[in-house]
Amino acid sequence: YSLSTAMAMLYAAAEGETKAQIQKTFYYPSMDTLNPNSAALYNQFNKPNPDYKLATVNDLWMEQGLTPTKSYVDTVQRYYGGQVTNLDFEDNPDPSRLIINKKIAQHTNQLIPELLPKGSIKKITVAVLTNAVYFKGDWKTPFNIQSTSEQPFYTHVGTSPNIKMMHTQADFGYSEDKQVQVVQLPYKGDDLSMLVVLPKLNHKLAMQQLAKSLNATKIKQWSAGLVRQEVDLQLPKFKLDARYQMKTLLADMGMPKAFNNGAEFN
């Protein structure tokens, strides 16, 4: 969602071959379909809810002296809830980076304190697109802190030392096939849940094979096959952190023009 929304703001600014390449890479519909549906998603995400906090924020940061057309600014604000802010990338690249990071940190309750690492904003930077999604929820069935114990844990590269595993025994949506066990952990309010998929073999190859075979169809099948039953569940406390260099990936996927001097963002 983060990536496709940020790119949709770029798509709205593109023309000619640049626009065609972005459209083909992201399978976007026409603008008159994409924009209102993007707005509906944005509003759905940011709707206040008493049980959890879910928020998303879009921003476009541009080199000072470049003024986007009024129609483009209106599009970003109206359909993507985004702000367009001018910064002095050329003379103050690092202070500009800190301003962007500060705004993202505020919107994610300080969970993402440094979206842009040192050196990522350069003097030649013209525009930066940012999207952040923030979620904070409580489990519908909380884990009892007294039930936490040290257990072996198997990663995609083999066994790790014993780590603290939370434990509970309760009714959850559950399914399994020859390769995996799947459990659905609802958050308070029942609107949202986490789907946890465990390979049956604790060998690193089983994990790697599972990661390679993941797709939307498979996740839909697992979700549709869930049956409510008592599950003895052990789960580690974990944190995910990943960084992707999108320029090369997206160019390889079919939209190199957006990243070179011939880019058409008139």
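For the structure itself, look to the data block above.
Read on for a plain summary of the structure. Just so it is clear, the structure is predicted and the values come from calculations on it, not from any experiment.

The subject of this paragraph is helix α5 (residues 93–107). For α5, with 15 residues, the first-to-last C-alpha span of 22 Å sits near the 21 Å given by 1.5 Å per residue. Among the residues of α5, those classed as buried are P93, S96, R97, I100, N101, I104 and A105. Buried positions along α5 lie against β1 (52–63), β2 (83–87) and β3 (127–137).

Put simply, the second largest pocket is a space of about 280 Å³. Around the second largest pocket, the lining is made up of 13 residues, and of these Q179, V180, A206, Q209 and L210 lie nearest the centre. Elements with a contribution of two residues or more to the lining of the second largest pocket: α6 (204–213) and α7 (216–224). Among the elements that line the lining of the second largest pocket, the one with the most residues is α6, at four residues.

Turning next to the environment of V227. With respect to the secondary-structure elements, V227 resides in strand β8 (residues 227–236). As a C-alpha pair, V227 and I100 span 127 residues in sequence and 45 Å in three-dimensional space. With sequence-adjacent residues up to four places away left out, V227 is seen in contact with F172, G173 and Y174.

Counting 20 residues, the largest nonpolar core has M7, I22, F26, Y28, L34, Y80 and M255 as the members making the most contacts within it. Listed by contribution, the elements that provide at least two residues to this core are α1 (2–11), α2 (16–26), α3 (31–45), β1 and α4 (70–80). Residue contacts for Y80: discarding those within four places in its chain leaves T5, A8, M9, L34, N35, S38, Y42, N58 and T75. In this structure, A170, L185, V231 and L233 belong to the second largest nonpolar core, which totals ten residues.

Looking now at the packing of aromatic side chains. As enumerated under the stated definition, the model contains seven aromatic pairs in all. Seen from their ring centres, Y52 and F135 are 6.0 Å apart, and the 50° between their planes marks the pair as tilted. Of this pair, Y52 sits in strand β1 while F135 is found in strand β3, placing the two residues 83 residues apart along the sequence. Geometrically, the ring pair formed by W139 and F143 is edge-to-face, given 6.3 Å between the ring centres and 75° between the ring planes. Here a set of aromatic residues connected by ring pairs shows up, and it is made of Y52, F135, W139, F143 and Y187. The aromatic ring of Y11 is capped on one face by K19, whose charged end is 4.5 Å from the ring centroid.

This brings us to the packing of α3 against α4. Contact pair α3 / α4: the axes reach a minimum separation of 7 Å and the direction vectors enclose 45°. Relative to α4, α3 is oriented oblique. Where α3 abuts α4, its residues L34, N35, P36, S38, A39 and Y42 lie against T75, R78, Y79 and Y80. Here the contact of α3 with α4 is composed, by residue class, of six nonpolar, three polar and one charged.

Conventions and cut-offs
Residues numbered from 1 in each chain as written. Predicted model: local features only at pLDDT ≥ 70, side-chain atom pairs only at ≥ 80, totals over all residues. Heavy atoms only, no water. Helix = DSSP H or I, 4+ residues; strand = E, 2+ residues; numbered from the N terminus. Expected span 1.5 Å × (residues − 1). Buried < 20%, exposed > 50% of the residue type's maximum accessible area, 1.4 Å probe, protein only. Contact = heavy atoms within 4.5 Å. 1 Å grid on protein atoms, 1.4 Å probe; cavity = no way out; pocket = protein on both sides within 12 Å on 5 of 7 lines; lining within 4 Å. Points joined across faces, edges and corners; volume = space filled by probe spheres on them. Core = buried A, V, L, I, M, F, W, Y, C linked by side-chain atoms within 4.5 Å. Phe/Tyr/Trp six-rings, centres within 6.5 Å; stacked < 30°, edge-to-face > 60°. Lys NZ or Arg CZ within 6 Å of the ring centre and 35° of its normal. Axes fitted to C-alpha atoms, helices over the stretch in contact; angles between N-to-C directions. Parallel < 35°, antiparallel > 145°, perpendicular 65-115°, else oblique. Nonpolar A, V, L, I, M, F, W, Y, C, P; charged D, E, K, R; others polar.

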